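Structural description and commentary
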Amino acid sequence: MKEFITLDMIDEAVSEVKKRTTRNPEIALILGSGLGDLAESVRPADFIDYKDIPGWPVSTIEGHKGRLVIGNLEGKRVMIMQGRAHYYEGYSINQIGFPIRVMSRMGIKVLIVTNAAGAINPNFVPGDVMIINDHISLIAMCGLNPLKGPNIDEFGPRFPDMSQPYDRELIAFASEAANKTGVKHREGVYICLAGPSFESPADLRFLHMIGADAVGMSTVPEVIVARHANLRVLGISGITNKANLDGSVVTTHEEVLQAGKALVPKLEKIIRGVLRKL
Ligand code: HPA
């Protein structure tokens with residue numbers, strides 16, 4: 001693998017996907033840890049394993065199926081990533097953005113991204129849904145920006161605007177869908193760390209101080225690449241655990257997966273409502 005991703009590499013993946021489906025998706029979804037079950041209601045569908053797409057980062061961790069599900073949901077043509085790869089799995093930060101580049105070249109204009117996250121905001125509890133209204137790209141500030149390297153002008157400018165990473169109209173649709181279906185929800189700021197270790201109590205107090213409501217290990221790199229290519233983005237966090245601000249709570253991946261499963265019906269209601277509005 002070359003250090004940086006080229007347009008040829010992206011287009012090779014696009015042609016492989018197109019060989020395996022004749023559907024023409026218009027909206028993409030990324031389903032995070034424990035949230036993959038949402039794709040089970042997409043039928044009829046074409047399934048493409050990530051390992052069959054050249055250049056596509058394959059997830060190695062439990063709770064991520066590792067395939068594309070392409071079909072119809074709420075009358076919309078969708079392409080769903082059932083699981084994702086993370087930076088901590090050993091990929092370069094540029095590789096984490098690769099699927100988004102492929103989506104963009106396939107003509108996708110809207111990205112709905114979900115994740116499992118820990119609550120930093122003391123008012124949040126496991127089982128809550130947080131619609132992301134902004135993010136702190138701490139991971140990118142520390143040098144891990146997925147747009148690092150030669151700019152690919154076909155996608156967007158060298159210095160892309162990031163004044164509205166999450167689309168206000170999509171946030172309104174999501175909030176309306178949640179209200180209509182009785183899903184209590186929050187709005188807040190998501191922060192992405194590199195992982196894989198969870199945060200220390202002092203880490204979490206710092207993240208709280210700088211304005212984060214929820215913490216995770218994904219999403220922000222994908223959103224940066226999506227906004228570079230001018231995709232409209234909706235981000236939703238499923239709060240799976242209380243962050244350990246005073247050192248009294250132990251966080252485990254099993255807990256995150258369990259809580260994620262319980263969040264699926266809530267996220268499904270919101271996502272279906274948003275798709276109907278699009
Ligand atoms: N910290 C980081 N990532 C996470 C957490 C957390 O508490 N929960 C789910 N993903």
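Sequence order as written defines the numbering, with residues in each chain counted from 1. At least 70 in pLDDT is required for a residue's local features to be given in this predicted model, at least 80 for side-chain atom pairs to be given and counted, and no such filter applies to totals for whole chains, interfaces and linings, which use all residues. To obtain the side-chain values, all non-hydrogen atoms of the structure were used and water was disregarded.

1. Describing the overall build of the protein chain
Condition: Helix numbers and strand numbers start at the N terminus; a helix is a DSSP run of H or I with at least 4 residues, a strand a run of E with at least 2. In this treatment the radius of gyration is a C-alpha quantity, and the globule benchmark scales as 2.2 Å times the residue count to the 0.38 power. Relative accessible area decides the class of each residue, using a 1.4 Å probe on protein chains only: under 20% of the type maximum gives buried, over 50% gives exposed, and in between gives partly exposed. We call two residues in contact whenever any of their non-hydrogen atoms come within 4.5 Å of each other. Per-residue accessibility takes into account occlusion by the displayed protein chains alone, with areas from the Shrake-Rupley method and a 1.4 Å probe. By the counting rule applied here, Lys and Arg register as positive and Asp and Glu as negative, while His and the ends of each chain are not counted. Lys charges are placed at NZ, Arg charges at CZ, Asp charges at CG and Glu charges at CD.
Counting its secondary structure elements, the protein chain contains eight helices and nine strands. Against the compact-globule benchmark of 19 Å for 278 residues, the protein chain has a radius of gyration of 17 Å, which places it among compact chains. Its C-alpha atoms give the protein chain principal-axis dimensions of roughly 50 × 40 × 35 Å. With 278 residues in all, the protein chain has 58% of them scored as buried. Within the protein chain, counting contacts between residues at least 6 apart in sequence, those at least 24 apart form 83% of the total. When the accessible area of the protein chain is evaluated, it comes to approximately 11,400 Å², of which 51% is carbon and sulfur surface. Averaging the positions of the 31 positive and the 31 negative side-chain charges in the protein chain gives two centres separated by 5 Å.

2. A word on unusual backbone geometry
Looking along the chain, the bond that leaves G195 and enters P196 is cis, with omega of 0°. Looking at the element boundaries, P196 is found in the loop between β7 (185-192) and α6 (201-209). The residue E74 is not glycine, and still its phi comes out positive at about 50°. Tracing the chain through its elements places E74 in the loop between β3 (67-73) and β4 (76-82).

3. A short note on a nonpolar patch on the surface
Rules: Patch membership needs two things, relative accessible area over 30% and no salt bridge, and members are linked within 9 Å if like-charged or within 5 Å if nonpolar (Val, Leu, Ile, Met, Phe, Trp, Tyr). By salt bridge we mean one thing: a side-chain nitrogen of Lys or Arg within 4 Å of a carboxyl oxygen of Asp or Glu.
Together, F206, M209 and I210 make up an exposed nonpolar region whose accessible area comes to about 320 Å². Along the chain, the position of F206 falls in helix α6.

4. Thoughts on the environment of I80
Looking at where I80 falls in the secondary structure, it is placed in strand β4. Taking the C-alpha atoms as reference points, I80 and L68, twelve residues apart in sequence, are found 5.5 Å from one another. Beyond its immediate sequence surroundings of up to four residues, I80 is in contact with L29, L31, A39, V42, R67, L68 and V69.

5. Digging into the packing of helix α1 (residues 7-20) against helix α3 (residues 98-105)
Note the cut-off: Lines are fitted to the C-alpha atoms to define the axes, a helix being fitted only along its stretch in contact, and any angle between axes, read from their N-to-C directions, falls within 0 to 180 degrees. Should an angle lie under 35 degrees it is considered roughly parallel, over 145 roughly antiparallel, and from 65 to 115 roughly perpendicular; all remaining angles are considered oblique. Helix crossings fall into two classes, left-handed where the near helix is turned counterclockwise from the far one by less than a right angle and right-handed where it is turned clockwise. Three classes are used, and their members are as follows: Ala, Val, Leu, Ile, Met, Phe, Trp, Tyr, Cys and Pro are nonpolar, Asp, Glu, Lys and Arg are charged, and the others, Gly among them, are polar.
Two numbers describe how α1 lies on α3: the axes approach to 9 Å, and their chain directions differ by 70°. Taken together, the axes of α1 and α3 are roughly perpendicular relative to one another. α3 is crossed by α1, and the crossing has right-handed handedness. Where α1 approaches α3, its residues L7, M9, I10, D11, A13 and V14 are matched on the opposing element by F98, R101, V102 and R105. Considering only residue class, the contact of α1 with α3 consists of seven nonpolar, no polar and three charged.

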